[in-house]
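# Architecture and fold: a report
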Amino acid sequence: MVYRDDYFIRHSIAVSAVILHAWITHKHNGDLSARWEENFLHAITKNFTLLKSVPPFERPFKDHQVCLEWNMNYIWNLQANKIPQCPLENDVVNILSFPYASSGENTGIVKKFQRFQNRELEATRRQRIDYPMFTISVWLYLLHYCKAHLCGILYFVDSNEMYGTPSLFLTEEGYLHIQMHLVKGEDLAVKTNFILPLQKWFRLDISFNGGQIIVTANIGQDLKSYHNQSIIFREDFYYNDTDGYFILGGSRYAPGIEGFFGPMKYYRLSVMETEQIFNPLFKKQLADQIELYYERCAEIKEIVSLYANIIWQDNDNPRMCNRKNYYLDLNARYGRLSTCRSFPWGKELKDRYLNLFQVLQEKDLSSVPGSQNDSVLEVGGRIFEKAVKRLSGIDGLHQISSIIPSLMDSSCCGYHKASYFLAVFYETGLNVPIDHLQGMLYSLVGAQGSERLSAMNLGYKHYQGIDDYPLDWELSYAYYSNIATKTPLDQHTLQGDQAYVETIRLKDDEMLKVQTKEDGDVFMWLKHEATRGNAAAQQRLAQMLFWGQQGVAKNPEAAIEWYAKGALETEDPALIYDYAIVLFKGQGVQKNRRLALELMKKAAAKGLHQAVNGLGWYYHKFRKNYVKAAKYWLKAEEMGNPDASYNLGVLYLDGIFPGVTGRNQTLAGEYFHKAAQGGHIEGTLWCSLYYMTGNLETFPRDPEKAVVWAKHVAEKNGYLGHVIRKALNAYLDMSWHEALLYSVLAAETGIEVSQTNLAHICEERPELARRYLGVNCVWRYYNFSVFQIDAPAFGFFNLALLIEEGATIPYHILEYLEIDQTLHSNNISILQELYERCWSHSNEDSLSPCSLALFYFYFRIVCNGIFHSTPIYFLGTFLVSILIALAVQYFQSVSANGPPASVSQLSSEIAPSIANPAALEQEEAIPANNLEQRG
């Protein structure tokens, strides 16, 4: 307390105030063994005084009369005069600073808050656990009221997975539902006496002051007063915002709102009035564009629905003004006179939406579904199909600027594939001027409309913090987890434009050679072998047809025929198992549970671990025999089956594991993690959620890892696979416009293989890229591919090539790649580092571009060190080039003379089995762990 810290006094006591107490007691009353507090209470007289304390860094050093060795003294002096500073900390948290598109589904943003580092703030927080004093301010743009019982706005989930204080929901009628957890353990809920506005930006301010809640809603940028309500309770609320996590929007417990979240601020320890809150509507231009978009779309939807209604009403009178055929001509001559219903729009409106009215007149709307929403969506789909047909032509990219109005109309009709096309066009400048504002608008609109590629695009941009999108892993996770959750459902519905996501690189000639079609040599050879009874050919052919692989069109019915043929004619356990799954699901054939069980047992007897897992699923799903189910799953899990690991985790999570009482989330998490390591999709999703919430000790909160795991699953989505396949087919057909279009669409979702392939196309066709793209294609997408977590070797190789060609890599990229800053100013050092990483990441045993490039790089360094003569250098380079060419020719000749590829080698990534029992019925894959609203 007296001296400053030095080498001997390491932790002197820091005090802010000292009170000196003095008192007098009678001798006979004084008990020497009594505590001073007791003597103080019985004192005859007492007094106190405040002593002025000296701050720790204003105290003098003590002279210890000791000499330190010079090295110890030097080390101590390096830190002796440094005054540590506490980080600036307050109770204001920016939960959200960029718009979030909430699709009304069961995914949202997860936020978790830690204890304050500042002791005073943390002490205040603890004191207010039973007397909450905090304020929440959030901007909202609602498209619809809740279509379920309650839709999540912002709610707290505690460590026991129960709702806490505060929990804010939107009701079906548009009221705000506020729920609190009480100190005595019960819950209390209240509903506001006013409804929230639709299709207007408004700020909702909610402050808690003990038992009083004040709710204020203000509309627009100028915060025009809308409603204000004060609610008073006599109960004590329990409020501990560090014992769990907050959710914005949806979760597995409740769907989110349909609309957009704007900026959100959270004052953890302060009760603020509306005038005191500083929470402006950031990205004002973007917010205005969202309002304008939905105003325009409301008018377009009204036109389409009214037009369709008029057409349907006139179906009883088939004589239309703009339709002429033989029957109508006879009816006009000899039939009853009729008149055409006139359309109620004036010239001004028709001129404003000229393109829309042209499309409506060209389309036959008599077969469009009857409900208003379905009819508008159907019209949007037809407009989009017409636009895409023009884009797929020989000069398709040249048509982009002229089809933009059609895509806008299609987007307004709710067909959000058009929204994603528009977002990509504007963000990459694909034959239109780059407009990041419009790109953001249509990305957000598409994601709000559940367009998978739009959500992946936003997830990727927020994950990397590029293209004016802020780096925000929680926001990225919200988008990626949405698509990741849908991916297993999409894979098993087999509907829509889907294809299996294949990792095929345009630089891999061997993979390109085995791409085929139904009339291709590879497919015909496989069919020939399958007809002869080759089990491997039958399975591969069935997989290609079932998933639409290697360029073959998806044909589940034909695939099932091959599965049946292989299962009944051969003893191959994999084919027997696959056909059993088909019979269980009734996909393309009539369900036959008896035969399916017989085949499943037969495959399990042959030692197929998938079939052993399938038997466990059968006893769990149909017999409710958890003892037998666990027995089979434990056996399959020992055999290395990831589905069994996941299913065991579900048993522990639901608390129904035989012989174990209650739920065990920790053990469930361990099984989920093991399943995820084996590639199980649902297991990966659970691990991703655990890493995001941090509610399990075995899964410490790690938002970046959560995003990576969710991204991994989302990139298996079949709708993305369809776009990747279209790009590959167009490339093989040398349809360059279409190849560039679909490669850009796939690359902007953030999947690495498409980014690399797009950069390769731009290298092959530089004139095409320069003419139609507004970005440096090669640089942008090779750069993005290297940024991926599992960037392949050639990502480093391509960066090195760019440096060889004279390009300069920005510092922030080198820092991201963790390249030593001392190398930044030296291209030779950077090249060496990149080539060495390329070689270390290469998995090839023989000569690879990386190994050759590294060898050539070192050879040039040696030549430069030994030979200073320019002619000698070029002569050496020429000789080395000849040697390299001869080596490459030799390896090519060896490959060409090698044995033909077997059936199992036709694809480097064999598709998974047709399905897994854990996912036959999707509700079985999701544990029954729904959280109910209390109160």
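Residues numbered from 1 in each chain as written. Predicted model: local features only at pLDDT ≥ 70, side-chain atom pairs only at ≥ 80, totals over all residues. Heavy atoms only, no water.

## Brief notes about the overall build of the protein chain
The number of helices and strands found in the protein chain is 36 helices and 15 strands. Going through the 935 residues of the protein chain one by one, you find that 52% of them count as buried. Expressed as a percentage of contacts within the protein chain between residues at least 6 apart in sequence, the contacts between residues at least 24 apart total 67%. Element-wise, carbon and sulfur atoms account for 53% of the exposed surface of the protein chain, whose accessible area totals about 45,200 Å². (Helix = DSSP H or I, 4+ residues; strand = E, 2+ residues; numbered from the N terminus. Buried < 20%, exposed > 50% of the residue type's maximum accessible area, 1.4 Å probe, protein only. Contact = heavy atoms within 4.5 Å. Areas by Shrake-Rupley, 256 points an atom, 1.4 Å probe, with all protein chains shown as cover.)

## Some words on the side chain of His177
Looking at the secondary structure, you find His177 in strand E9 (residues 175-181). A distance of 3.2 Å separates polar atoms of two side chains, one belonging to His177 and the other to Gln179. When near neighbours in sequence (up to four residues on either side) are disregarded, His177 contacts Leu150, Ser167, Leu168, Phe169, Thr171, Ala189 and Val190. (Polar contact = N/O pair within 3.5 Å; in protein donor to acceptor, adjacent residues only side chain to side chain.)

## Description of the nonpolar core
Judged by nonpolar contacts, the single largest core of 253 residues is most densely connected at Leu204, Ile213, Phe261 and Phe425. Considering each element in turn, this core owes the most residues, eleven residues, to helix H4 (residues 284-313). Those residues in contact with Leu204, other than ones at most four positions away along the chain, are Ile136, Ser137, Val138, Leu140, Leu176, Leu196, Val215, Thr216 and Ala217. (Core = buried A, V, L, I, M, F, W, Y, C linked by side-chain atoms within 4.5 Å.)

## A word on helix H27 (residues 736-747)
Taking 1.5 Å per residue, twelve residues should reach 16 Å; H27 reaches 16 Å between its end C-alpha atoms and fits that length. Across the twelve residues that make up H27, a large majority, twelve, are buried. Among the residues of H27, those classed as buried are Trp736, His737, Glu738, Ala739, Leu740, Leu741, Tyr742, Ser743, Val744, Leu745, Ala746 and Ala747. (Expected span 1.5 Å × (residues − 1).)

## Overview of the sheet that holds strand E7 (residues 150-158)
The sheet built from six strands is open, its strands ordered E5-E14-E7-E8-E9-E10 with antiparallel pairing. This sheet does not close on itself; its edge strands, each paired only once, are strand E5 (108-111) and strand E10 (187-195). Across the sheet, the axes of successive neighbouring strands diverge by a mean angle of 15°, strand direction being ignored. Sheet topology note: the E5/strand E14 (residues 244-249) ladder contains four bridges and is antiparallel. Following the sheet pairing, Lys111 is matched in E14 by Phe246. (Pairing = 2+ DSSP bridges. Axes fitted to C-alpha atoms, helices over the stretch in contact; angles between N-to-C directions.)

## Regarding the state of the cysteines
Counting across every chain of the model gives three disulfides. Across a sulfur-sulfur distance of 1.9 Å, Cys762 and Cys777 are joined as a disulfide pair. Its S-S torsion of approximately 75° makes the covalent link between Cys762 and Cys777 right-handed. Of this pair, Cys762 sits in helix H28 (residues 752-764) while Cys777 is found in helix H30 (residues 777-787), placing the two residues 15 residues apart along the sequence. (Disulfide = S-S within 2.5 Å.)

## Describing the layout of surface pockets
Put simply, the second largest pocket is a space of about 1,400 Å³. Considering the residues around the second largest pocket, the lining is formed by 45 residues, among which Leu377, Gly414, Tyr415, His416 and Gly449 are closest to the centre. Among the elements that take part in the lining of the second largest pocket, helix H8 (residues 372-391) stands out by supplying eight residues, more than any other. Taken together, the residues of the lining of the second largest pocket break down into 20 nonpolar, 14 polar and eleven charged. (1 Å grid on protein atoms, 1.4 Å probe; cavity = no way out; pocket = protein on both sides within 12 Å on 5 of 7 lines; lining within 4 Å. Points joined across faces, edges and corners; volume = space filled by probe spheres on them. Nonpolar A, V, L, I, M, F, W, Y, C, P; charged D, E, K, R; others polar.)

## Digging into the pattern of salt bridges
Applying the stated criterion across every chain yields a total of 29 salt bridges. Where Lys486 meets Glu105, a salt bridge forms, and the shortest distance between an N and an O atom there is 3.0 Å. Within this pair, whereas Lys486 is found in helix H13 (residues 473-493), its partner Glu105 is found in the loop between strand E4 (100-103) and E5, the two being separated by 381 residues in sequence. Judged by its relative accessible area of 10%, Lys486 is buried. Relative accessible area serves as the criterion here: at 23%, Glu105 is assigned to the partly exposed category. (Salt bridge = Lys/Arg side-chain N within 4 Å of Asp/Glu carboxyl O.)

## Digging into a positive patch on the surface
There is a patch of like positive charges on the surface, built from Lys591, Arg593, Lys601, Arg623, Lys628, Lys631 and Lys635. Secondary-structure elements contributing two or more residues to the positive patch are helix H19 (593-605) and helix H21 (626-638). Element by element, the count of residues in the positive patch is highest for H21, at three residues. Looking at the secondary structure, you find Arg623 in the loop between helix H20 (609-621) and H21. (Patch = residues over 30% accessible without salt bridge, like charges linked within 9 Å, V, L, I, M, F, W, Y side chains within 5 Å. Lys, Arg positive; Asp, Glu negative; His and termini not counted. Charge placed at Lys NZ, Arg CZ, Asp CG, Glu CD.)

## Some details on the packing of aromatic side chains
Under the criterion given, the structure shown has 45 aromatic pairs. Measuring from ring centre to ring centre gives 5.6 Å for Phe98 and Tyr469, while their planes differ by 50°; the resulting arrangement is tilted. Taken together, the residues Phe98 in the loop between strand E3 (92-96) and E4 and Tyr469 in the loop between helix H12 (452-464) and H13 connect sequence positions 371 residues apart. On the basis of relative accessibility, which here comes to 2%, the residue Phe98 falls in the buried class. For Tyr469, a relative accessible area of 2% corresponds to the buried category. With 5.7 Å between their ring centres and 65° between their planes, Phe233 and Phe237 make a pair best called edge-to-face. The buried category is assigned to Phe233, whose relative accessible area is 17%. Put simply, the rings of Phe113, Phe134, Phe156, Phe208, Phe233, Phe237, Tyr239, Phe246 and Tyr266 pair up and form one aromatic cluster. It is Arg268 that lies over the ring of Phe116; its NZ or CZ is 4.2 Å from the centre. (Phe/Tyr/Trp six-rings, centres within 6.5 Å; stacked < 30°, edge-to-face > 60°. Lys NZ or Arg CZ within 6 Å of the ring centre and 35° of its normal.)

## So, empty space enclosed by the protein
Within the structure shown, the criterion is met by five cavities of 30 Å³ or more. Listed by contribution, the elements that provide at least two residues to the lining of the largest cavity are helix H26 (718-732) and H28. For the lining of the largest cavity, the leading source of residues is H26, giving six residues. Of the residues that constitute the lining of the largest cavity, the class distribution is nine nonpolar, four polar and two charged.

## Describing the side chain of Thr242
Tracing the backbone shows Thr242 in the loop between strand E13 (224-232) and E14. Here the side chain of Thr242 touches Arg125 through a polar contact of 3.4 Å, side chain to side chain. Among the polar contacts listed, one links the side chain of Thr242 to the side chain of Asn240, at a separation of 2.9 Å. Beyond its immediate stretch of four places on either side in the chain, Thr242 contacts Lys112, Phe113, Gln114, Arg115, Arg125 and Arg268.

## Side note on the confidence of the model for the protein chain
Detailed conclusions should not be drawn from predicted coordinates in areas where pLDDT is low. Averaged over all residues, the pLDDT of the protein chain is 83; the fraction at 70 or higher stands at 81%. Throughout residues 318-323 the model reports pLDDT below 50, and contacts reaching past four residues in sequence, or to other chains, amount to 15 contacts. Note on residues 894-935: pLDDT under 50 across the span, and 107 contacts to partners over four residues away in sequence or across chains. (pLDDT = per-residue confidence, 0-100.)

## Focus on the packing of helix H24 (residues 681-693) against helix H25 (residues 703-714)
In helix packing, the relevant descriptors are the interaxial angle and the interaxial distance, both defined with respect to the helix axes. Relative to each other, H24 and H25 sit at 160°, their axes nearing to 8 Å. Considering the angle they form, H24 stands roughly antiparallel to H25. Crossing handedness for the pair H24 and H25: left-handed. Counting all contacts with H24, which are made through Ile681, Thr684, Leu685, Cys687, Ser688, Tyr691 and Met692, the residues of H25 involved are Pro703, Lys705, Ala706, Trp709, Ala710 and Val713. (Parallel < 35°, antiparallel > 145°, perpendicular 65-115°, else oblique. Left-handed = near helix turned anticlockwise from the far one by under 90°.)

## A short note on the environment of Leu407
For Leu407, the location among the structural elements is in helix H9 (residues 400-412). Classification of Leu407 as buried rests on a relative accessible area of 0%. Considered as a pair, Leu407 and Ser419 are twelve residues apart in the sequence and their alpha carbons are 7.3 Å apart. Here Leu407 is in contact with Phe384, Ala387, Ala418, Phe421, Leu422 and Phe425, once residues within four sequence places are set aside.

## A short note on unusual backbone geometry
In the segment running from Thr165 into Pro166, the intervening peptide bond is cis, with an omega of 0°. If you trace the backbone, Pro166 turns up in strand E8 (residues 163-171). A positive phi angle, near 70°, is found at Ser450, a position not held by glycine. Structurally, Ser450 can be placed in the loop between helix H11 (436-448) and H12.

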